[in-house]
4 protein chains.
Amino acid sequence: MRAVVKSAPQDGPAGTIITDRGRPVPGPGEVLIKVAAAAICGTDRHIWHWDPSIRSSMTLPRIYGHEFCGYIEESGPDVGRTDLEPGNYVSAEMHLVCGHCRQCRTGQGHICASTRILGLHGDGAFAEYVKVPATNVVRLNRELVPLAVGAFLDALGNAVHATQVVDLAGRSVLITGFGPIGAMCAAIAEHCGASTVVVTDVSDHSLETARRWAASKSFKNLHAFNAAASDPKSVREAIIDISDGGIDVVLEMSGAPAAINFALDVVAMGGFMSMLGLPAGHSLQIDDYTRNVIFKGITIQGITGRRMYSSWQRMLSLLKAGLDVTWIVQAEHDSLDEFEVGMGKFDRHEALKVIFYPHGRGETQ
Amino acid sequence: MRAVVKSAPQDGPAGTIITDRGRPVPGPGEVLIKVAAAAICGTDRHIWHWDPSIRSSMTLPRIYGHEFCGYIEESGPDVGRTDLEPGNYVSAEMHLVCGHCRQCRTGQGHICASTRILGLHGDGAFAEYVKVPATNVVRLNRELVPLAVGAFLDALGNAVHATQVVDLAGRSVLITGFGPIGAMCAAIAEHCGASTVVVTDVSDHSLETARRWAASKSFKNLHAFNAAASDPKSVREAIIDISDGGIDVVLEMSGAPAAINFALDVVAMGGFMSMLGLPAGHSLQIDDYTRNVIFKGITIQGITGRRMYSSWQRMLSLLKAGLDVTWIVQAEHDSLDEFEVGMGKFDRHEALKVIFYPHGRGETQ
Amino acid sequence: MRAVVKSAPQDGPAGTIITDRGRPVPGPGEVLIKVAAAAICGTDRHIWHWDPSIRSSMTLPRIYGHEFCGYIEESGPDVGRTDLEPGNYVSAEMHLVCGHCRQCRTGQGHICASTRILGLHGDGAFAEYVKVPATNVVRLNRELVPLAVGAFLDALGNAVHATQVVDLAGRSVLITGFGPIGAMCAAIAEHCGASTVVVTDVSDHSLETARRWAASKSFKNLHAFNAAASDPKSVREAIIDISDGGIDVVLEMSGAPAAINFALDVVAMGGFMSMLGLPAGHSLQIDDYTRNVIFKGITIQGITGRRMYSSWQRMLSLLKAGLDVTWIVQAEHDSLDEFEVGMGKFDRHEALKVIFYPHGRGETQ
Amino acid sequence: MRAVVKSAPQDGPAGTIITDRGRPVPGPGEVLIKVAAAAICGTDRHIWHWDPSIRSSMTLPRIYGHEFCGYIEESGPDVGRTDLEPGNYVSAEMHLVCGHCRQCRTGQGHICASTRILGLHGDGAFAEYVKVPATNVVRLNRELVPLAVGAFLDALGNAVHATQVVDLAGRSVLITGFGPIGAMCAAIAEHCGASTVVVTDVSDHSLETARRWAASKSFKNLHAFNAAASDPKSVREAIIDISDGGIDVVLEMSGAPAAINFALDVVAMGGFMSMLGLPAGHSLQIDDYTRNVIFKGITIQGITGRRMYSSWQRMLSLLKAGLDVTWIVQAEHDSLDEFEVGMGKFDRHEALKVIFYPHGRGETQ
């Protein structure tokens, strides 16, 4: 089968090959899935560039990819589930957790300390077939989840996780960073009845995408600001004004210390912050901790991965309810051999989500 | 000033007069409000009919009405607020609470044991002017809240309260009883991203209203069932099927024991029930408490009044976010002298909400 | 091996034999546990008497028992856990759940609709050995959990579940029904800083046990009332007085409709009720639903089983913190052959908990 | 009357006088309280030293003190409460809030942006009499709250607030900083059933106090570490070991960036942090935000003041339940004229709490 493989510890095309690999054989408790669609994620970009942050996690060669959907091809022995049949349309949680630690046994598997990630620590889904543990498979409804959306449920699950820890209905929401997950957060916030959605980013292109989306939905309460270009003081004042005194809920998607401090400055007394973005340097300087954390009495919630599996269930319910995220797909390719082209678009921020159909679109839809 | 007065302990026109009364004079801590619009509530109907349930709460004569909006006319001494000026567009919480009990001092004033209600225990807002404590006044934005909606914020607050105790996004919701508050609940559930909204009622007229509303919003996930006419077993099966195994959230607006037991039967394992409706006989027989309460592990939340003032704040935020409840107004009258006509429509369920403009529409809009 | 077997559909000794059975062989994913201690539960009494409520759940013959602790003897293939070794001191959750339904996948396995219970639907632990799925095994610390307590962790888990849904610190708590689980609830409430613990029961013997326990702990805030013998109005007034206006948290352990209505009457505005007791007739008449549920704005939470596995974790943490429940054990037997004697004491309410040591105390401690 | 007055913008005795002042006259809505006991707080120390952090908040002269209890002497007009009579034993919340903002109207008055503090922005309680708004008065029970404890309920309220946002029963708790509020947190954690209480401080004297307290309560699960003197790596390992893999709940009382980063390092996956301490420099560098906030998925809660008035209610309930904090009082003075002596002990950390009885102990107890 064709597969996109990180083959050598180098940046760009020198470290990645598209090649033929043997089809995986599902072991006990595993299923083999024919990949219908897969999406590029920020982690894949780190792998592509062989970023220092990713190096110690990988042994090469390794097949890329942890966002995908497909059809069950076959099951190994002892899968322990009676609801999985060949031909079922599915996706899978690609974080593999131990199942027995304190966190796993209390519905908190997303913070299992022994987490392994397929597409990073094990072979992933940028291939014609992928094998995953049966426990991690999630069945999808073909009428509610098109392939192009099924391809990035892992990322959508991040956005759902960041937004399910606080009720957004009637709240003013600030999204710092309008990359793919920020865009999904905006779609969720609008869908769930947020009164105001403020977006900040440093790319005018991203902000324009945000405005076009809002216009297409006749959503009048979107406000998009360029955090870099504008006068920060006037942006601050505008946001305080829009939010009647301060933002209720911050969805921090950038990891940029400047954005985090800006958000801390405009969040309301008693506000809530979902923190998902990772700073390049791992550390964070909070400029006015006394005023913005203590005296404001805010709540800060770290967000990682997706809740297993309440984020998945809520995600599917929101899609059933009509949540539209198809507009986030901005490039589609019918072959894995076009990987470098797609990665280029993603890398240059020309496309929020880039989808590949390893067997072509005709065959799998 | 003109006022609608419950004058005698009798049913219908014999017990109610529209008459001239002296304009109230605001005392210390009170403001006088010029009533722009007022709405009939179910309690007003009980007063109109001099229902046994209401008799012990009232001494006559008494001006009707606790749902209204208007403009501040003047303030008494020591109002203790600097944000209220003559001409301000406002509504008011008409439940007067003690302010010092355990509940009042912890943001739970809505369950103060010493609650007095204007329009019941004191004079209400079916008049040209009404006086209320300044603490209870809520400022409104004329652009976000039209008079016809400002007139029934009290009732909308009940619906908000019933829906703010649980996050509705992506949940399947059952509303038992599609009267005015049930209709508001449906609007809120749709707005807040519920995946499915099921309505049951015994009136085909009400169900038709629900379906027309959903059609007008292009909301595809509304399912309306006549609980009386239909085969209950097939309705049950349909709802279980629609909700993938059981309803996540029940909003019980009917008070009918049959409806409550039906809801208990279709609510999901671990489901949530907001209980607002009052049974005629005060008691409730739960048919299968073992299975439907204990073994299902559900949560049942009693709902009364509005949270002071988080329900008001959320209500105004939802209206800002675009929540549309104007369609619930189905009759409007330009004079309090038409009270009997309006009450008739409300009494015969011909109109969900009936609005009166004591000074006429021309003068106050 | 010796085992206590429900052998025939009859009440008492006629339907139960103590006999020799083959030692179970653990299959894939299962472990075999040498039973060190096991306790009689209310369900065992229903089985002993062949109560109508239990008949349809059982096919005979069947080994009794779902409360026990012991030592791992051996493992079957593919247990999927690396933290279980022969000789480990363990207990096990005896509710077997599907693992894949909506509830199981969100940390709510205790309300899985496909639950099977060992000791009822499958063979239980009143034997020298029992086999259970490895997923359900919980490791214990021999220094923190004596055998006599390890024997009834299943029941203690019920009490923990009923008390973990609400913070008890500084709250007034009413426990309706002082059977074994009510007694555990009292111990937990005292340990977790409840300001007042009120106990009601219809047995003076039980109330005396409660008072003796409080005295032994120098716990001054225990108040025990006989709900049957006393003047209910004066008991009501005493409780309202003790609790400064109403009980914060009710732990309903009796299932008696009279007790439930009494609790609804004395619970505070905005109070919380954990409902665990099962009424004999399955139905429940709430006498004043309007006043006590709606107008009080209370929360009612159905409690069944134990949360998998947060109740287990909390239970072990509380034992580590010094929670003492050893006083609840009031009878101990060194052989399963004394089953009828022990069941008699339990049946006549002479002992809250009755423990059996299938291999004798000497061998296993 | 005698009063301790910050009279000039200078450090120590040069800026503070004990002098005679006119007795305050309660205005509308105010009550005059005869001060029975008052306690020194950290803010008083900042005032004493005329720290830069405090200067802009004060206009001089100003009477010190916001921790006290006493007896109602007389009421001004329109107090609006019927439960306050001369002679009542009371304390008062000394944070005065607007009552009408978004926060005040939703039970979040402790984060009102318009908060004024008596003893800082207005005259305080280090005097024979103090006047306060009637709304802020809290009645006490003389049998449950001795004067020496009534004197510092404000500080105890901080500790209650920090501990009421998370259920401590059965949890491992780390308290960073064993000053007066840290000591109160330890008492609360032990009382509320924490499984383990770990204390870190840089003063061996403080740690010794912690150990003596635990010994006096026969509380075996207290572990005290000197964060400065010890090998931090071995302390870290010891805490990870004690807490079975990580601390469930951190109560951060120090404001020291090193302590905060240490706590972030040892908090468990999914742990909870209550942040009350204020860093000297206002800013905070989080060393490994990626790992310790995001990947751990923790919750960080800013804590300021006391919840009005749920912290007060819970505090009184805990005292009723037997919470003992009398040991935190380590110096008592019968006259305000000994202020400098008492402040010296407090300033040199020789006493956790220092109490003054402005009318002498004999007269008021």
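Everything discussed here concerns the structure shown above.
Residues numbered from 1 in each chain as written. Chains lettered and ligands numbered in written order. Predicted model: local features only at pLDDT ≥ 70, side-chain atom pairs only at ≥ 80, totals over all residues. Heavy atoms only, no water.

Asks: I'm lost on the relation of the copies chain A and chain D in this one. Help?
Replies: Two copies of one chain are present, and they are related through a rotation about an axis combined with an axial shift. Rotating chain A by 180 degrees and translating it 0.0 Å along the rotation axis places it on chain D, where the RMSD comes to 0.0 Å. Here the copies are linked by what is in effect a two-fold axis. Among all residues of chain A, the one whose C-alpha sits closest to the rotation axis is Gln285(A), at a distance of 2.1 Å. (Least-squares fit on C-alpha atoms with pLDDT ≥ 70 in both.)

Asks: What is the right way to look at the pairing of strand 9 (residues 129-133) of chain D in this model?
Replies: Residues in a regular strand project their side chains so that they alternate between the two faces of the sheet. Residue and element names in this part refer to chain D. Across the five residues of strand 9, four count as buried, placing the element largely inside the fold. Direction of pairing for strand 3 (residues 30-39) relative to strand 9: antiparallel, over a ladder of five bridges. Residue pairing in the sheet places Glu30 in a bridge with Pro133 of strand 9. (Buried < 20%, exposed > 50% of the residue type's maximum accessible area, 1.4 Å probe, protein only. Helix = DSSP H or I, 4+ residues; strand = E, 2+ residues; numbered from the N terminus. Pairing = 2+ DSSP bridges.)

Asks: I'm lost on empty space enclosed by the protein in this one. Help?
Replies: Using a probe with the size of a water molecule, rolled over the atoms, empty space left in the structure can be pinpointed. Scanning all chains against the criterion turns up two cavities of 30 Å³ or more. Of the voids in this model, the largest cavity is the one considered here, and its volume is about 120 Å³. Among the elements of the structure, helix 8 (257-266), strand 16 (284-286) and helix 9 (289-295) of chain B together with helix 8 (257-266), strand 16 (284-286) and helix 9 (289-295) of chain C are those that each provide at least two residues to the lining of the largest cavity. Here the lining of the largest cavity is built from residues that sort into 16 nonpolar, no polar and no charged. By volume, the second largest cavity amounts to about 90 Å³. (1 Å grid on protein atoms, 1.4 Å probe; cavity = no way out; pocket = protein on both sides within 12 Å on 5 of 7 lines; lining within 4 Å. Points joined across faces, edges and corners; volume = space filled by probe spheres on them. Nonpolar A, V, L, I, M, F, W, Y, C, P; charged D, E, K, R; others polar.)

Asks: How should the relation of the copies chain B and chain A be read in this particular structure?
Replies: Overlaying chain B on chain A yields an RMSD of 0.0 Å, the required transformation being a rotation through 180 degrees with an accompanying axial translation of 0.0 Å. A high fraction, 100%, of the interface residues of chain B reappear at the interface in chain A, so the copies pair face to face through one surface. (Contact = heavy atoms within 4.5 Å.)

Asks: Hey, could you run me through the interface of chain A and chain D in this one?
Replies: A common way to state how big an interface is: give the accessible area lost once the parts meet. At the junction of the two partners, chain A supplies 37 residues and chain D supplies 37 residues. A buried area of about 3,100 Å², summed over both sides, lies between chain A and chain D, and 52% of it is on carbon and sulfur atoms. Put simply, chain A and chain D have two salt bridges between them. Among the ionic pairs, Arg102(A) bridges to Asp248(D), the shortest N-O distance being 2.6 Å. Run the count over chain A and chain D and you get 27 residue pairs in polar contact (both at pLDDT 80 or more). Those elements giving two or more residues to the side of chain A that touches chain D turn out to be strand 15 (267-275), strand 16 (284-286), helix 9 (289-295) and strand 17 (299-302) of chain A. The element best represented in the side of chain A that touches chain D is helix 9 of chain A, accounting for five residues. Here the side of chain A that touches chain D is composed, by residue class, of 17 nonpolar, 14 polar and six charged. In the sheet, strand 16 of chain A pairs with strand 16 (residues 284-286) of chain D via three bridges, with the strands oriented antiparallel. (Buried area = accessible area lost by both parts, 1.4 Å probe. Salt bridge = Lys/Arg side-chain N within 4 Å of Asp/Glu carboxyl O. Polar contact = N/O pair within 3.5 Å; in protein donor to acceptor, adjacent residues only side chain to side chain.)

Asks: How should the interface of chain B and chain A be read in this particular structure?
Replies: With 18 residues of chain B in contact, the opposing surface of chain A contributes 18 residues. Of the roughly 1,400 Å² buried between chain B and chain A, counting both surfaces, carbon and sulfur atoms make up 43%. For the chain B face of the interface with chain A, the top three residues by lost area are Asp167(B), Arg314(B) and Lys320(B), together amounting to 33%. Put simply, chain B and chain A have four salt bridges between them. Asp167(B) is the salt-bridge partner of Arg314(A), the closest N and O atoms lying 3.3 Å from each other. At the boundary of chain B with chain A, the tally comes to eight residue pairs in polar contact (both at pLDDT 80 or more). The element contributing the most residues to the side of chain B that touches chain A is helix 10 (residues 310-320) of chain B, with four residues. Here the residues of the side of chain B that touches chain A are counted per class, giving seven nonpolar, seven polar and four charged.

Asks: Just checking my understanding: could you explain helix 8 (residues 257-266) of chain D for this structure?
Replies: What sets the pattern is the α-helix's 3.6 residues per turn: residues three or four places apart point alike. When you tally the buried positions in helix 8 of chain D, you get seven out of ten residues, the bulk of the element. Here helix 8 of chain D has its buried residues at Ala259(D), Ile260(D), Asn261(D), Phe262(D), Ala263(D), Leu264(D) and Val266(D).

Asks: Any chance you could explain the sheet that holds strand 4 (residues 62-63) of chain B here in plain terms?
Replies: Remark on secondary structure: sheet strands pair via backbone hydrogen bonds, oriented parallel or antiparallel. Pairing is antiparallel across the open sheet formed by three strands, whose spatial order is 2-1-4 (chain B). Two strands close off the open sheet at either side, each with one partner strand: strand 2 (16-20) and strand 4 of chain B.

Asks: Looking at this model, I keep getting lost on helix 6 (residues 204-216) of chain B. Mind explaining?
Replies: All names here are of chain B. Under the 1.5 Å per step criterion, the end-to-end length of helix 6 is 18 Å for 13 residues, consistent within 8% with the ideal 18 Å. Within the span of helix 6, buried status applies to Ser206, Leu207, Thr209, Ala210, Trp213 and Ala214. Projected onto a plane normal to the axis of helix 6, the buried residues spread over an arc of 155 degrees and lie on a single side. Across helix 6 from its buried face, at more than 90 degrees, point the exposed residues Asp204, Ala215 and Ser216. Buried residues along helix 6 sit against helix 5 (180-191), strand 12 (196-201), strand 13 (222-226) and strand 18 (329-333). Measuring from the side-chain oxygen of the N-cap residue of helix 6 to the backbone nitrogen of His205 gives 3.3 Å; that N-cap residue is Ser203. Two residues or fewer past helix 6, Ser218 is found with a positive phi of approximately 55 degrees. (Expected span 1.5 Å × (residues − 1). Arc of directions from axis to C-beta.)

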